[in-house]
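This is what each chain is made of:
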Amino acid sequence: MIAWRFIRIIVHLFAGMLTCAVIFPWTSTATHEALIRRWSKNLLTICKVRVRLIDRAADSLSAHASSNVLVVSNHVSWLDIFVLNTLQPCHFVAKSDIRKWPLVGWLCEKAGTIFLARGKQREVRRIYEGLVHQIEAGKRIAFFPEGTTAAQGAILPFHANLFEAAIEARVPVQPFAIRYVDAQGALHTAADFIGEMTFVESMRLILQGGGMTADLIRLPVISTENAHRREVAQAAWVSVGEGLGS
């Protein structure tokens, strides 16, 4: 059964590549987003991951949920990208290592992922300037400010650099908290993608995990008006931590 599901994932990945190569060049952005959302939902279904949206955003700010914001979240797994995409597809900022992943890396690139090399300040500046222009153009940008994945139950400090893009573009930050739980509501460790674990090893654990629920917790937006990037990053970190703890 696991082998069959793995084959289904490979077929699904190739179908996604075909869509990007043949359909994307001739269709609108709205069509791209609809296809990415559907493809992400189907991938998670094959992996037996059910997404449950938990909306904790205040009513007065909920209008920002579908408007121009910078999306941030804690980072547990490669699944996080597709969980967020089921709500509304984003252009993600991700570490350049992901570009080297077989099939998935190419798909992420075609879906608009922005790859960032670690430890290169000039690269960070270039990406930052591009993010401001894309946010101002109405694109929905997302990134994981921890900079790497963390085991569930832990949240690493948020790097503040890219929060500056939201401040300069004059848009709020929309934080999300993501956790993966089993049928009893306990954290599902099969979702953890940490250390030297490979993508294939992570996939095997998920397929053997017997299914899980991805809680996608939408939190109140954070204003960036007259704020410093470190203040915004800290406020987002606190918000996500509280979301995971509740």
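Above this text is the structure in question.
S.K.: Let's hear about the nonpolar core: which residues, and what values?
M.R.: If you look at the biggest cluster of nonpolar residues, it comprises 45 residues, and the most contacted ones within it are I9, C47, V49, W78 and Y180. Breaking this core down by element, the ones donating at least two residues are α1 (2-23), α2 (29-46), α3 (79-87), β3 (91-95), α4 (104-110), β6 (173-181), α7 (199-208) and β7 (212-218). With 6 residues, α2 is the largest single contributor of residues to this core. The residues touching C47, leaving out its near neighbours within four places in the chain, are R5, I9, W78, M203, I206 and L207. L70, V93, I127 and I141 belong to the second-largest nonpolar core, a separate cluster that totals 31 residues.

S.K.: Break down the pattern of salt bridges for me, with residues and values.
M.R.: Within the structure shown, the criterion is met by 3 salt bridges. Here D215 ties to R52 by a salt bridge, and the two come within 2.7 Å at their closest N and O atoms. With a gap of 163 residues between them, D215 in strand β7 and R52 in strand β1 (residues 49-55) connect regions that are remote in the sequence. Assessed through its relative accessible area of 2%, D215 is described here as buried. Judged by its relative accessible area of 34%, R52 is partly exposed. Between R218 and D55 there is a salt bridge whose closest N-O contact spans 2.8 Å. Here R218, found in strand β7, pairs with D55, found in strand β1; they are 163 residues apart in sequence, far enough to count as distant. The exposure class of D55 is partly exposed, given its relative accessible area of 41%.

S.K.: Residue-level account of the side chain of H12, with values.
M.R.: Position of H12 among the secondary structure elements: in helix α1. Among the polar contacts made by the side chain of H12, one reaches the main-chain amide nitrogen of L43 at a distance of 3.4 Å. Sequence-distant contacts of H12, defined by excluding residues within four places in its chain, comprise W39, N42, L43 and I46.

Parameters at a glance
All residue numbers refer to position in the chain's written sequence, counted from 1. Per-residue local features of the predicted model are confined to residues with pLDDT of at least 70, and side-chain atom pairs are confined, for both listing and counting, to 80 or more; whole-chain, interface and lining totals are unaffected and use all residues. To get the side-chain values, take all heavy atoms of the structure and skip hydrogens and water. Buried Ala, Val, Leu, Ile, Met, Phe, Trp, Tyr and Cys residues that are joined via side-chain atoms within 4.5 Å together make up what is termed a nonpolar core. Exposure categories follow from relative accessible area, calculated using a 1.4 Å probe and restricted to protein chains: below 20% of the type maximum is buried, above 50% is exposed, and the middle band is partly exposed. Strands are runs of DSSP state E lasting at least 2 residues, helices are runs of H or I lasting at least 4, and numbering of each runs from the N terminus. The contact criterion used throughout is that any non-hydrogen atoms of two residues lie within 4.5 Å. Any Lys or Arg side-chain nitrogen found within 4 Å of a carboxyl oxygen on Asp or Glu counts as a salt bridge. Polar contacts here mean pairs of N or O atoms no more than 3.5 Å apart (in protein, one a potential hydrogen donor and the other a potential acceptor; neighbouring residues in sequence count only if both atoms are side-chain atoms).

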